[in-house]
Amino acid sequence: MSLRINREDIMGSGEVKRVSLAVIRRLPKYHKCLGELLQKNVERVSSQELGRILGFTASQVRQDLNNFGEFGQQGYGYNVEQLYNEIAKILGLNTEHKMVIVGAGKLGQALAGYRDFERHGFKILAMFDVDPHLVGSKVRDVPVYDMNDLIYYVNENEVDIAVIAVPRERAQEVADILSKTLVKGIWNFAPVEVDAGPNIIVENVHLLDSLLTLSYRMNESKLMERLARKNEKKTGFVKIPAE
């Protein structure tokens, strides 16, 4: 699985490099941007132009990509198709990943209906639930099985990723069950941190944290104004806080 590779020490230019999670989280943005440039038949792009599109500095673009090798040429920039394919390999998109979803409720059904997963090599094989009214049905052509079959199915079908889409109080229980399987990664959408032992990588998706971050950014200008007024009262003159 790609996250396992990226979080390990990566060999490059004869030395071991530790790639930060911040860099890893930016890789999908590079991949998406390069894919859009390919669709426009753009053959090459500079670090300045790539940074401008993504809102990064040219220096950051070069530093990010240099973690994984030398891709650009001075005076030429980056070959768009080559860089797109290289990042796809780094992200593990050159191989198919088998997935299952644990929880066939509204969230699980929404995830099962997201077609872009398969387009990027993530194939949802099955869903699992404890509700007898859901077991035996299909969601977007994905069969729903009983939770009791989870361990056998995951191991028998060599599933790579399990998605947890159950209520908070059941999330760790599901993670404990998955820890007994050969699954390589867990994508957890429950609003709680889960642990599955040292051999399974867990990516906890915090939807509320993301929403609160959005709320802060929407409210940021008001916060800056309050800080400026507070500073004015203390010093007698207005000083706008630095961004």
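Everything below is about the structure shown above.
Residues numbered from 1 in each chain as written. Predicted model: local features only at pLDDT ≥ 70, side-chain atom pairs only at ≥ 80, totals over all residues. Heavy atoms only, no water.

Q: What am I meant to see in the overall build of the chain here?
A: Assigned secondary structure in the chain consists of ten helices and eleven strands. Sorting the 243 residues of the chain into buried and exposed places 38% on the buried side. For the chain, the exposed surface amounts to about 15,100 Å²; the carbon and sulfur share of it is 51%. (Helix = DSSP H or I, 4+ residues; strand = E, 2+ residues; numbered from the N terminus. Buried < 20%, exposed > 50% of the residue type's maximum accessible area, 1.4 Å probe, protein only. Areas by Shrake-Rupley, 256 points an atom, 1.4 Å probe, with all protein chains shown as cover.)

Q: What exactly am I supposed to notice about the nonpolar core here?
A: Within soluble globular proteins, side chains that are nonpolar generally end up buried alongside one another. If you look at the biggest cluster of nonpolar residues, it comprises 24 residues, and the most contacted ones within it are Val-100, Leu-150, Ile-164 and Leu-178. When residues of this core are traced back to their parent elements, those giving at least two are β5 (97-102), β6 (122-129), α8 (150-156), β9 (161-164) and α9 (168-178). No other element matches the four residues that α9 contributes to this core. Every residue in contact with Leu-150, bar those within four places of it in the chain, is listed here: Val-100, Val-102, Phe-128, Ile-177 and Leu-178. Membership of the second largest hydrophobic core comes to 21 residues, among which are Ile-24, Leu-34, Leu-37 and Tyr-78. (Core = buried A, V, L, I, M, F, W, Y, C linked by side-chain atoms within 4.5 Å. Contact = heavy atoms within 4.5 Å.)

Q: Can you help me understand the sheet that holds strand β8 (residues 142-146) in this one?
A: Hydrogen bonds between backbone groups are what pair the strands of a sheet, and the pairing can be parallel or antiparallel. Ordered by their spatial adjacency, seven strands build an open sheet running β7-β8-β6-β5-β9-β10-β11, and the pairing between neighbours is mixed. Strands at the two margins of the open sheet, each flanked by one partner only, are β7 (138-139) and β11 (201-204). Where β9 lies against strand β10 (residues 185-188), four bridges are found, and the strand directions are parallel. Directly across from Val-163, in β10, lies its bridge partner Trp-187. Sheet strands in contact with α9 are β5, β9 and β10, and its direction is about 165° off that of β9. (Pairing = 2+ DSSP bridges. Axes fitted to C-alpha atoms, helices over the stretch in contact; angles between N-to-C directions.)

Q: What is the right way to read the packing of aromatic side chains from this model?
A: Pairs of aromatic rings are described using the distance from one ring centre to the other and the angle between the two planes. Per the stated rule, a full pass over the model turns up seven aromatic pairs. Centroid distance Tyr-114 to Phe-117: 4.7 Å. Interplanar angle 70°. Geometry classified as edge-to-face. A relative accessible area of 45% places Tyr-114 in the partly exposed class. Assessed through its relative accessible area of 13%, Phe-117 is described here as buried. Where Phe-117 meets Trp-187, the ring centres are 5.7 Å apart and the plane angle is 75°; that geometry is what we call edge-to-face. Placement of Phe-117 in helix α7 (residues 116-119) and of Trp-187 in strand β10 is noted, with a sequence separation of 70 residues between them. (Phe/Tyr/Trp six-rings, centres within 6.5 Å; stacked < 30°, edge-to-face > 60°.)

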